[in-house]
Amino acid sequence: MSITVTGTIQRSDMGAGAWALSTDDGTTYEVHNAPKDLLLPGKKVKVTGQIREDIMTIAMIGPVLEVRSFETVSE
Amino acid sequence: MLISKLVPKDDMKKLLLVGLVLIGLCFGLFNFKGLASQGEFEEIVLDFREDIPISQIDNQLSAIAQQFNLAPQLNSIFSLPDNVYIVKGDRATLKALQKSPVAKSTEYIEPNYIYKALEVPNDPEYNKQWNLRSIKVESAWDETKGSGVTVAVIDTGISPVPDLKQTKFVRGYDFVNNRETVTDDSGHGTHVAGTIAQSTNNNYGVAGIAYEANVMPLKVLSAFGGGTVADIAEAIKFAADHNADVINMSLGGGGDSHLLKDAITYAHRKGVVIIAAAGNASKNAASYPARYPHVIGVAALDPAGEKAPYSNFGAGVDISAPGGVGTGAGGILQETINSDGQAMFVSFQGTSMAAPHVAGVAALVKATGMKEPDQVLNVLKKSAMRVKNDTLNHYGAGQLDAAAAVKLAVRGQISFQDFFRWLRDNGYLNPRFWIDGGAVALFPKLAMVLGSYLLAWFLRVYFPFTWSWSLLGGLVAGSSGLFFLRGFYIFDFPQVPFRVMGSSIPEIGNAIAGNSILNPLFASVLIPFILVAFLLNKPMWKWFAIGTALGVAACLGVNAVVSPAVWGFGSGAIARIFLLINALMCYSLALLAVKEEQPR
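From a predicted model like this one, the values you see are computed outputs, not experimental measurements.

A. Quick peek at the overall build of chain A. Looking only at helices and strands, one finds zero helices and six strands in chain A. Secondary structure elements of chain A occur, N-terminal to C-terminal, as β-β-β-β-β-β. Across the 75 residues in chain A, those meeting the buried criterion constitute 41%. Counting only contacts in chain A whose residues sit at least 6 apart along the sequence, the fraction spanning at least 24 positions is 59%.

B. Here's a closer look at the overall build of chain B. In terms of regular secondary structure, chain B is built from 20 helices and 17 strands. A separation threshold of at least 6 residues defines the contact pool for chain B, and within that pool the share at least 24 residues apart is 72%.

C. Quick peek at the nonpolar core. Residues and elements named next belong to chain B. Within the largest apolar cluster, 127 residues are counted, with the highest numbers of intra-cluster contacts made by Val151, Ala239, Ile247, Ile275 and Val358. Among the elements that make up this core, the one with the highest residue count is helix α10 (residues 351-367) (eleven residues). Contacts of Val151, omitting those with residues within four sequence positions, involve Ile196, Ala197, Ala210, Ala213, Val215, Met216, Ala244, Asp245, Val246, Asn248, Ala359 and Ala363.

D. Expanded view of unusual backbone geometry. Residue and element names in this part refer to chain B. Residue Tyr288 is joined to Pro289 through a cis peptide bond whose omega torsion reads 0 degrees. One can find Pro289 in the loop between β11 (273-277) and β12 (295-301). Even without glycine at this site, Asn178 takes up a positive phi of about 50 degrees. Looking at the element boundaries, Asn178 is found in the loop between β7 (173-174) and α7 (188-197). Its identity as a non-glycine residue notwithstanding, Asn243 has a phi of 65 degrees, on the positive side. Relative to the assigned elements, Asn243 resides in the loop between α8 (229-241) and β10 (246-249).

E. Up close: the packing of helix α11 (residues 373-383) of chain B against helix α12 (residues 402-411) of chain B. Residues and elements named next belong to chain B. Packing of α11 against α12 brings their axes to within 8 Å, and their N-to-C directions diverge by 130 degrees. Here α12 runs oblique to α11, going by the angle between their axes. Here α11 runs over α12; the crossing is right-handed. In this structure, α11 uses Val379, Leu380, Lys382 and Ser383 to contact α12, whose residues at the interface are Ala404, Ala405, Leu408 and Ala409. Partitioning the contact of α11 with α12 into residue classes produces six nonpolar, one polar and one charged.

F. Geometry of the sheet that holds strand β1 (residues 2-12) of chain A. Residue and element names in this part refer to chain A. Spatial strand order, β1-β2-β3-β6-β4: five strands in a closed barrel with mixed pairing. Neighbour-to-neighbour, the strand axes of this sheet turn through a mean angle of 55 degrees, independent of strand direction. Bridge analysis of strand β4 (residues 44-51) against strand β6 (residues 64-72) gives seven bridges, and the strand direction is antiparallel. Each bridged residue has a counterpart across the sheet, and for Lys46 the counterpart in β6 is Glu71.

G. Up close: the interface of chain B and chain A. In this assembly, 29 residues from chain B lie in contact with 19 residues from chain A. The set of elements that each furnish at least two residues to the side of chain B that touches chain A consists of β9 (226-228), α8 and α10 of chain B. Among the elements that take part in the side of chain B that touches chain A, β9 of chain B stands out by supplying three residues, more than any other. Relative to β9 of chain B, strand β5 (residues 55-57) of chain A runs antiparallel, the two sharing three bridges.

H. Spatial organisation of the environment of Gly252 of chain B. Take Gly252 of chain B: it is sitting in the loop between β10 and α9 (258-269). Accessibility expressed as a C-beta count within 10 Å gives 29 for Gly252 of chain B, which makes it buried. Separated by 23 residues in sequence, Gly252 of chain B and Val229 of chain B have C-alpha atoms that sit 9.7 Å apart. Not counting residues within four places of it along the chain, the set of residues in contact with Gly252 of chain B comprises Met56 and Met60 of chain A together with Ala276, Ala277, Gly279, Ser287, Tyr288, Pro289 and Ala290 of chain B.

I. Molecular detail of the pairing of β4 of chain A. Relative to β4 of chain A, β1 of chain A runs antiparallel, the two sharing seven bridges. Among the inter-strand pairings, Val5 of chain A is bridged to a residue of β4 of chain A, identified as Val47 of chain A.

J. Main features of the environment of Val161 of chain B. Relative to the helices and strands, Val161 of chain B is located in the loop between β5 (150-155) and β6 (168-169). Given 25 C-beta atoms within 10 Å, Val161 of chain B falls into the buried group.

K. Main features of the confidence of the model for chain B. All names here are of chain B. Of the residues in chain B, 83% reach a pLDDT of 70 or more, and the chain-wide mean stands at 83. Across residues 1-7, where pLDDT falls below 50, the model places three contacts with residues more than four positions away in sequence or in other chains. Throughout residues 419-440 the model reports pLDDT below 50, and contacts reaching past four residues in sequence, or to other chains, amount to 37 contacts. The complex model carries a pTM of 0.67, and its ipTM stands at 0.90.

L. Summary view of the packing of α8 of chain B against α9 of chain B. Residue and element names in this part refer to chain B. Where α8 meets α9, the closest approach of the two axes is 9 Å, and the angle between their N-to-C directions is 10 degrees. Taken together, the axes of α8 and α9 lie roughly parallel to each other. Two secondary-structure elements touch here, α8 through Val229, Ala230, Ile232, Ala233, Ile236, Lys237, Ala239 and Ala240 and α9 through Leu259, Leu260, Ala263, Ile264, Tyr266 and Ala267. Of the residues assigned to the contact of α8 with α9, the class counts are 13 nonpolar, no polar and one charged.

M. Here's a closer look at the sheet that holds strand β2 (residues 73-74) of chain B. Residues and elements named next belong to chain B. Ordered by their spatial adjacency, four strands build an open sheet running β2-β3-β1-β4, and the pairing between neighbours is antiparallel. If you trace the sheet from one side to the other, it starts and ends with β2 and β4 (106-113), each paired once. Note: strand β1 (residues 41-48) against strand β3 (residues 84-88), five bridges, orientation antiparallel. Within the sheet, the bridge partner assigned to Asp47 lies in β3 and is Val84. The strands touched by helix α4 (residues 91-99) are β1 and β4; relative to β4, the strand with the most contacts, the crossing angle is about 175 degrees.

N. Quick look at the pairing of β1 of chain B. Relative to β4 of chain B, β1 of chain B is paired through six bridges, and the arrangement is antiparallel. Note that in β4 of chain B the partner of Asp47 of chain B across the bridge is Tyr108 of chain B.

O. How the structure looks around helix α18 (residues 526-535) of chain B. Residue and element names in this part refer to chain B. Of all the positions in α18, only Ile527, Pro528, Leu531, Val532 and Leu535 are classed as buried. Buried positions in α18, seen along its axis, are confined to an arc of 130 degrees and lie on one side of it. The outward face of α18, more than 90 degrees from its buried face, is lined by the exposed residues Ile530, Ala533 and Phe534.

P. How the structure looks around the environment of Val84 of chain B. All names here are of chain B. Checked against the element boundaries, Val84 lands in strand β3. Exposure remark for Val84: the 18 C-beta atoms within 10 Å place this residue in the partly exposed category. Along the sequence, Val84 and Leu74 sit ten residues apart, while their C-alpha atoms lie 6.1 Å from each other. Setting aside residues up to four positions removed in sequence, Val84 forms contacts with Val45, Asp47, Asn75 and Ser79.

Q. Structural view of helix α15 (residues 469-479) of chain B. Residue and element names in this part refer to chain B. Taken across its eleven residues, α15 has eight buried, putting it largely inside the fold. Within α15 the residues assigned to the buried category are Ser470, Leu471, Gly474, Leu475, Val476, Ala477, Gly478 and Ser479. Looking at the residues trailing α15, positive phi occurs at Gly481, about 70 degrees.

Criteria and thresholds
Residues numbered from 1 in each chain as written. Chains lettered and ligands numbered in written order. Predicted model: local features only at pLDDT ≥ 70, side-chain atom pairs only at ≥ 80, totals over all residues. Helix = DSSP H or I, 4+ residues; strand = E, 2+ residues; numbered from the N terminus. Buried ≥ 20, exposed ≤ 12 C-beta atoms within 10 Å, placed from the backbone. Contact = placed C-beta atoms within 7 Å. Core = buried A, V, L, I, M, F, W, Y, C linked by C-beta atoms within 7 Å. Axes fitted to C-alpha atoms, helices over the stretch in contact; angles between N-to-C directions. Parallel < 35°, antiparallel > 145°, perpendicular 65-115°, else oblique. Left-handed = near helix turned anticlockwise from the far one by under 90°. Nonpolar A, V, L, I, M, F, W, Y, C, P; charged D, E, K, R; others polar. Pairing = 2+ DSSP bridges. pLDDT = per-residue confidence, 0-100. Arc of directions from axis to C-beta.

The structure is reproduced here in structure tokens:
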């Protein structure tokens, strides 16, 4: 099932570190399989992807969001 | 056959029993050496009598020097008045001295035992490991360092950094790359393994908790720090089939998986203690696999022993351990690899770091000879430092205490009585839900219910009325609420409704916030007064109001004695007086309302 969420990319320093997407409603996703140009702290983006329930991580900061595509959102 | 013909069968049995007892007794006596023979000494203390002339002591000293070829010396300049002398010698010398004529001039001759201070490892960075001191690992090391126990680390793999050189490894597997060699490409697994069994007392780097235990590296997470439940489940089975005693999983996710659950049940049945991190989303339930039955879910503590801000809490949290805050001095320091694969000392934070503390201590507990995983969990929980007023279950059974855990394990098995008493005291008896013992103080609650019934009984003696469900309902609502509901934590379900339903009327004002300071608007005569005023002319509901007034009177009365904390009134005499006056007013209110009922 595909979902689309808008939020800000952040670097989480949990454990060995992870990439997070904080949405405007306060949900934190752990970004998975993201292209390098998405992973810029503070970048506001609209991400389309899939929640991977079958994946477990060391960061454990929220649902795992596997990125299919994204577009930069201008402020 | 011959004996059985000569001796009747029953006597035969008795004979056998007596024989067995005698053999056991002899064996026990033979092996009993007494406590005194366990100490180490290299010197012998001679305490000469004070009632003999100094010249005689000098004679004896020179006799010792000649006969035993020893040079007696005063222990220190302060020993002169007591005539305490020291000679070098072992057990044989000690016996010879005790048998020699010298003994007659002494008060006693005894070994100069060497007492050791707690073992402080010589690792130069050990002073930065606040986390190890906070779990009191040094006293635990007096008993065991985890020798003979195998801890499986299901993680990103383990790289052979210098501070793992003396650490013992057993064969593991890399489920990501499907090969036997297991190395780390993230730095996480190596760090976690370090907390469990970093090489210690090697004059290098930092220490680990169970540093004589074997480590089994199992890689299921890739460099980015994620992996599939299928690989994790296989790794758990691998560990169980290869004689792992403890499994550490510093990983988690949101998905419930039958495969994973089955693997955990399998490993638990094989006697493996399974530990997992509670998760770092700061939400009120642990992530999977920590939330599964048979898995010890670990929440994280900051250096002050408070819940770390990121740590999950509530359902699924069994115990708490240091997870650190930040990546500086407040984090957990171990040696691991950086992104270029080079070894370095780094501080990490997370429930990922808290779980291996519990895994390390579980290994120490298992090394004392405790086998059953449920027993190990009980020892860990029972020995944990309880945190008072932990209404949201931030800490589980409490903060991990390595020293107390190992001591408890060594002291022997927990008897069924102990266990049952502990279960009951902590409210763990409900099998369906995990009930937090800290949430409900049972005794005051029972006092409130009983007190309200006593008050009602008292009223009834003077003003006869009939018991009704509405009265009983009022009594319960006013005095205690459905207090057993308060300790319920159901996964992903907000706990607030349970706290509110589990609260009496006077406590509702503070149930939402989850603290124990009474709100004076609720903890007063106000609500019973409103209820009585509105319901007095309703034949059935009136009894609910009366019951409520009596219940609130009992609740306030008990609170005035047991815990008189009222918002704005402090927790001293003023709060007590406030509660007592209101309790009396509630009782008077009930009295008036009942009087109203009586035919004049």
